[in-house]
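The lines below spell out each chain.
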Amino acid sequence: METTDQLAGIEISTEKEELICYSYDSSIAEPELPRAVAWPRNTEQVIRLAKYASDHNISLIPRGAGTGMAGSSVPVATECMVISFEKMRKIIDINTKNMTVVVEPGILNSTLQQELKYLGFFYPPDPASLNISTIGGNVATNAGGPRAVKYGVTRDYVMEIEAVTADGTLINAGGRTYKRAVGYDLKNLLVGSEGTLALSTRIRLKILPLPQDVLTLLAIFKDLETAGQAVTKILSSNIAPRTMELMDRLSIEAVENYKSTGLPPEAEALLLIEFDGISSAVQQEAETVIELCRPFGGDIIVAEDDAARDRLWEARRSISPALYHIKPSKINEDIVVPRDKIAAILKDIKKLSEESGIKIISFGHAGDGNLHVNIMTDKNDPEEYRQGLAIVKKLFEITLNYKGSISGEHGIGITKAPYLEMEIKKRELELMKGIKKIFDPKGMLNPGKIFC
Ligand SMILES: Cc1cc2nc3c(=O)[nH]c(=O)nc-3n(C[C@H](O)[C@H](O)[C@H](O)COP(=O)(O)OP(=O)(O)OC[C@H]3O[C@@H](n4cnc5c(N)ncnc54)[C@H](O)[C@@H]3O)c2cc1C
């Protein structure tokens, strides 16, 4: 790529070794080499990169840490440059009076959590990838996480986004106030837009005071469906756990084979349930849940201290990496159903697995009705892989029949784009494509994502 004064001082590489590193994410999307990778260090450099790309008809692929599960930061086969935000990772401001924080997009979620913890605050969205994913990526995918069952998802905490559009114009969406009712909500349009509308350069987020107490329980069940029924029972019993994470037997086995964390080997299903708040309320809620689990045969282990709690969360966060050790090209879907349909869809998934003879491993944010359904196929076995893709279609049909959605948090990217029209009707799709055209008339920003 020809560099000009327009790009002076911006770190850019066209070395093949670098291009390979930016050609894939954590999904099954086929890797594709970009023409160049740029690492801007500030908003002014992002503006210059966008103007250069627009002048030279080069597409831009925004990228956080590449942990996306739908191929949304994978280049497509056009002239394109990856803009990696990993060097824009500063905390600009923490305002404890207003309970807000302003960050650059490349900061890791866990780095922000750590800094806030010193000051007695926290940022609720906690994707299981929090140690490896960026706030910019979290905003662009509207990431959820275990705590979403009580606190909501990324969109609920984004107040303001400074962003650069495809032609290099700087815009500001949202504001500094907790409430705002001024025109269309551009900020909420940018959240979850998977880098197809604008490049975020600064993000203002709401933060909350750290809760006084946290209590973690592990509920052990003899079968998966019963665990699903317990989820519905607990959530309809007027208590608000902050997490309600499900692990099936195969995910327990996978984690224990990957790095032994001491999960009960006899369990068919586990629920990782956590409460936070004032100590007395936390204790009371935990006791209620223990009682509620009893009729479902749920035995309870209470995490006695921080070390025990950390071990349980380490196990939960290890599931995804552990599964890659079984089938490196497994298909990972993140369907979501109304919460009272969790037990029913778990039964359907079991049937899909039995009928096809293909292992399906389910875990995830059961409290939100959001399951990570892992269809354990290998791309090197074309017949098995074809069968895996057929299961995906059936899974989406079942999900939509329950009035669910084909993605709870990973987004559409490349891998789910062929299925978008199963869920989104013609007129709504036209409106979405119209919005994309207004932001990016030449279609230069993250092409090939969301829409086929
Ligand atoms: C082990 C593991 C566990 C996971 N657990 C969860 C979970 O619990 N919840 C969840 O929601 N997801 C989870 N994910 C998926 C993934 O971590 C999230 O989608 C995350 O938000 C992606 O962040 P990233 O920084 O890696 O972004 P990338 O994957 O690099 O990019 C994601 C999207 O963001 C866009 N983007 C990035 N930066 C910008 C920017 N500055 N401006 C505009 N667009 C931008 C990209 O173009 C792309 O569309 C998990 C992934 C892994 C590997």
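Residues numbered from 1 in each chain as written. Predicted model: local features only at pLDDT ≥ 70, side-chain atom pairs only at ≥ 80, totals over all residues.

Engineer: Run through helix α2 (residues 43-55), naming residues and quoting values.
Structural biologist: Given 3.6 residues per helical turn, the α-helix brings residues three or four places apart onto the same face. End to end, α2 covers 18 Å across 13 residues, agreeing with the expected 18 Å (1.5 Å per residue, within 8%). Within α2, burial applies to Gln45, Val46, Arg48, Leu49, Ala50, Tyr52 and Ala53. In the segment just after α2, Asn57 is the residue with positive phi, at about 50°. (Helix = DSSP H or I, 4+ residues; strand = E, 2+ residues; numbered from the N terminus. Expected span 1.5 Å × (residues − 1). Buried ≥ 20, exposed ≤ 12 C-beta atoms within 10 Å, placed from the backbone.)

Engineer: Tell me about the nonpolar core, and please be specific about residues and values.
Structural biologist: Ranked by size, the top nonpolar core spans 72 residues in total, and within it Ala219, Ala230, Val231, Leu270 and Leu271 carry the most contacts. In this structure Ala230 touches Ala219, Phe221, Leu271, Cys293, Phe296 and Gly298, once residues within four positions along its chain are discounted. Judged by nonpolar contacts, the second largest core, of 45 residues, contains Val46, Ile107, Ala166 and Leu197. (Core = buried A, V, L, I, M, F, W, Y, C linked by C-beta atoms within 7 Å. Contact = placed C-beta atoms within 7 Å.)

Engineer: Please give an account of the domain arrangement of the protein chain that cites residues and values.
Structural biologist: With domains assigned, the protein chain is organised as domain 1 (5-84), domain 2 (91-209), domain 3 (213-321) and domain 4 (323-416). On a C-alpha basis, the centres of domain 2 and domain 4 stand 28 Å from each other. Every contact between the two is made by 10 residues of domain 2 and, on the other side, 10 residues of domain 4. Its residues assigned to classes, the side of domain 2 that touches domain 4 comprises five nonpolar, four polar and one charged. (Domains from an automatic or database assignment. Nonpolar A, V, L, I, M, F, W, Y, C, P; charged D, E, K, R; others polar.)

Engineer: Before we move on, can you summarise the environment of Glu268 with the specific residues and values?
Structural biologist: Take Glu268: it is sitting in the loop between α8 (249-258) and β14 (269-277). Here Glu268 falls in the partly exposed class, since 16 other C-beta atoms lie within 10 Å of it. With 152 residues separating them along the chain, Glu268 and Leu420 place their C-alpha atoms 34 Å apart. Every residue in contact with Glu268, bar those within four places of it in the chain, is listed here: Phe221, Lys222, Asp223, Leu224 and Arg249.

Engineer: Describe the site of the ligand, with residues and values.
Structural biologist: The full set close to the ligand counts 35 residues, and Gly64, Gly68, Gly137, Ala140 and Gly195 are the nearest of them. Mapped by element, the contributors of at least two residues to the shell around the ligand are β3 (59-63), α4 (135-141) and β10 (199-206). Considered class by class, the residues forming the shell around the ligand number 10 nonpolar, 21 polar and four charged. Two domains each provide a minimum of three residues to the shell around the ligand, namely domain 1 (5-84) and domain 2 (91-209). (Near = placed C-beta within 6 Å.)

Engineer: Give me the lowdown on unusual backbone geometry, citing residues and values where you can.
Structural biologist: The backbone phi angle of Met99 is positive, close to 55°, even though this residue is not glycine. Mapped onto the secondary structure, Met99 falls in the loop between β5 (91-95) and β6 (100-103). Taking the C-beta count within 10 Å as the criterion, Met99 has 14 such neighbours and is therefore assigned partly exposed. Positive phi, close to 65°, is recorded for Lys403, a residue that is not glycine.

Engineer: Give a detailed account of the packing of helix α7 (residues 224-235) against helix α12 (residues 342-356), specifying residues and quantitative values.
Structural biologist: Interhelical geometry of α7 versus α12 gives an angle of 160° and a closest axis separation of 7 Å. By the angle between their directions, the pair α7 and α12 is classed as roughly antiparallel. Once α7 is placed against α12, the crossing between them reads as right-handed. Each of Leu224, Glu225, Gly228, Gln229, Val231 and Thr232 in α7 lies in contact with α12, whose residues at this interface are Ile342, Ala343, Leu346 and Lys347. (Axes fitted to C-alpha atoms, helices over the stretch in contact; angles between N-to-C directions. Parallel < 35°, antiparallel > 145°, perpendicular 65-115°, else oblique. Left-handed = near helix turned anticlockwise from the far one by under 90°.)

Engineer: Tell me about helix α10 (residues 306-317), and name the residues and values.
Structural biologist: The terminal C-alpha atoms of α10, which comprises 12 residues, lie 16 Å apart, in line with the 16 Å expected from a rise of 1.5 Å per residue. Restricting attention to buried positions, one finds in α10 the residues Leu312, Ala315, Arg316 and Arg317. Contacts from the buried residues of α10 go to β12 (213-221), β13 (243-248), α8, β14 and α11 (319-324).

Engineer: Kindly report on the pairing of β3, identifying the contributing residues and their values.
Structural biologist: Buried residues dominate β3, accounting for five of its five residues. A two-sided burial pattern is seen for β3, the buried positions comprising Ser59, Ile61 and Arg63 on one face and Leu60 and Pro62 on the other. For β3 and strand β4 (residues 80-84), the ladder comprises five bridges, and the chain directions are parallel. Across the sheet, the residue bridging to Pro62 is Ile83, located in β4. (Pairing = 2+ DSSP bridges.)

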